Amino acid sequence: MNVSRRLWIAAAAGALLLGPMALGCSSNPAPKTAKIEAGDLPEGADWTGVYYSELYGYLHLVQDHDAIEGKWLRPVKDRWGELHGTVTGDLIKFSWTEHVIGAIGPNSTKEGRGYFKYKRPEGENVDDKLVGEIGRNKDEVGEPWEAVKQRNMMPDLASIGGTGSTDIGGGDWDGENKESGTPEPPASPSDEAPAEPPGL
């Protein structure tokens, strides 16, 4: 076997060994980000409010300076979510988590990032809305989300969710969802009738 053929075989073997490692380095694509810029809010507009979407239900948003948080409960009440983000004019960017009510394990929550733009349609006596997307994991784009701001509805973050995926019905175990009345005191053993042996 001549020298050039040995070198070619060695180079081919090296490429086979290094190929998977080189692919492994590039198999993690960069997160998908929204190519969108912030502008000014429409006159008199306020992020704080309740927004309705047929898919996501009522989204309650509360702004505190440049921070914003929100919660939503899906219309069929099988999932609830929460978001935390930053406000810049008519744009918010946020991270979100959605919990499957009554589920446990790795599929009980999903998370990601997203953005909303505050919009006011043209015309008079129109309803403001938000338009944006949410993405999974580190992506902030993926699924569209459009919701209409509800008039005369104030957000109530405490009315949605709880401590996580173990909540049944989306509420805390120590919430108001308890039986009413005064519990009876336990009876002492002497007050109880003697137990009868089970019949044969």
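Residues numbered from 1 in each chain as written. Predicted model: local features only at pLDDT ≥ 70, side-chain atom pairs only at ≥ 80, totals over all residues. Heavy atoms only, no water.

**Student:** How should I be thinking about the packing of aromatic side chains in this particular structure?
**Tutor:** To describe a pair of aromatic rings, you give the distance between the ring centres and the angle between the ring planes. Under the defined criterion, the tally for this structure stands at six aromatic pairs. Where Tyr56 meets Trp145, the ring centres are 3.8 Å apart and the plane angle is 15°; that geometry is what we call stacked. Linking Tyr56 in the loop between strand 1 (49–53) and strand 2 (57–64) with Trp145 in strand 8 (residues 143–149), this pair joins segments that are 89 residues apart in sequence. (Phe/Tyr/Trp six-rings, centres within 6.5 Å; stacked < 30°, edge-to-face > 60°. Helix = DSSP H or I, 4+ residues; strand = E, 2+ residues; numbered from the N terminus.)

**Student:** How do you make sense of the nonpolar core when you look at a structure like this?
**Tutor:** Soluble globular proteins tend to bury their nonpolar side chains together. Ranked by internal contacts, the top residues of the largest apolar core, which has 19 residues, are Trp47, Leu59, Phe116, Leu130 and Trp145. Secondary structure elements with two or more residues in this core: strand 2, strand 3 (67–73), strand 4 (79–88), strand 5 (91–100), strand 6 (109–119), strand 7 (129–136) and strand 8. Among the elements that make up this core, the one with the highest residue count is strand 5 (three residues). With near-sequence residues (within four places) excluded, Leu59 lies in contact with Gly49, Val50, Tyr51, Lys71, Trp72, Leu83, Phe116, Leu130 and Trp145. (Core = buried A, V, L, I, M, F, W, Y, C linked by side-chain atoms within 4.5 Å. Buried < 20%, exposed > 50% of the residue type's maximum accessible area, 1.4 Å probe, protein only. Contact = heavy atoms within 4.5 Å.)

**Student:** Quick question: what am I supposed to make of the sheet that holds strand 8 here?
**Tutor:** Read once around its circumference, the closed barrel built from eight strands follows the order 1-2-3-4-5-6-7-8, with strand pairing classed as antiparallel. Going across the sheet, the axis of each strand differs from the next one's by a mean of 30°, ignoring polarity. Pairing of strand 1 with strand 2, which is carried by five bridges, proceeds in the antiparallel orientation. Pairing of Ser53 across the sheet is with Gly57, part of strand 2. (Pairing = 2+ DSSP bridges. Axes fitted to C-alpha atoms, helices over the stretch in contact; angles between N-to-C directions.)

**Student:** Help me understand the confidence of the model for the protein, please; the structure alone is not making it clear to me.
**Tutor:** Any residue range with low pLDDT should be treated as having predicted coordinates unsuitable for detailed reading. Summing up the model confidence of the protein, the mean pLDDT is 81 and the portion of residues at 70 or higher is 68%. Contacts of residues 20–24 to residues separated by more than four positions or lying in other chains number zero contacts, the stretch itself having pLDDT below 50. The model gives residues 163–180 a pLDDT under 50, and that stretch makes 29 contacts with residues more than four places away or in other chains. (pLDDT = per-residue confidence, 0-100.)

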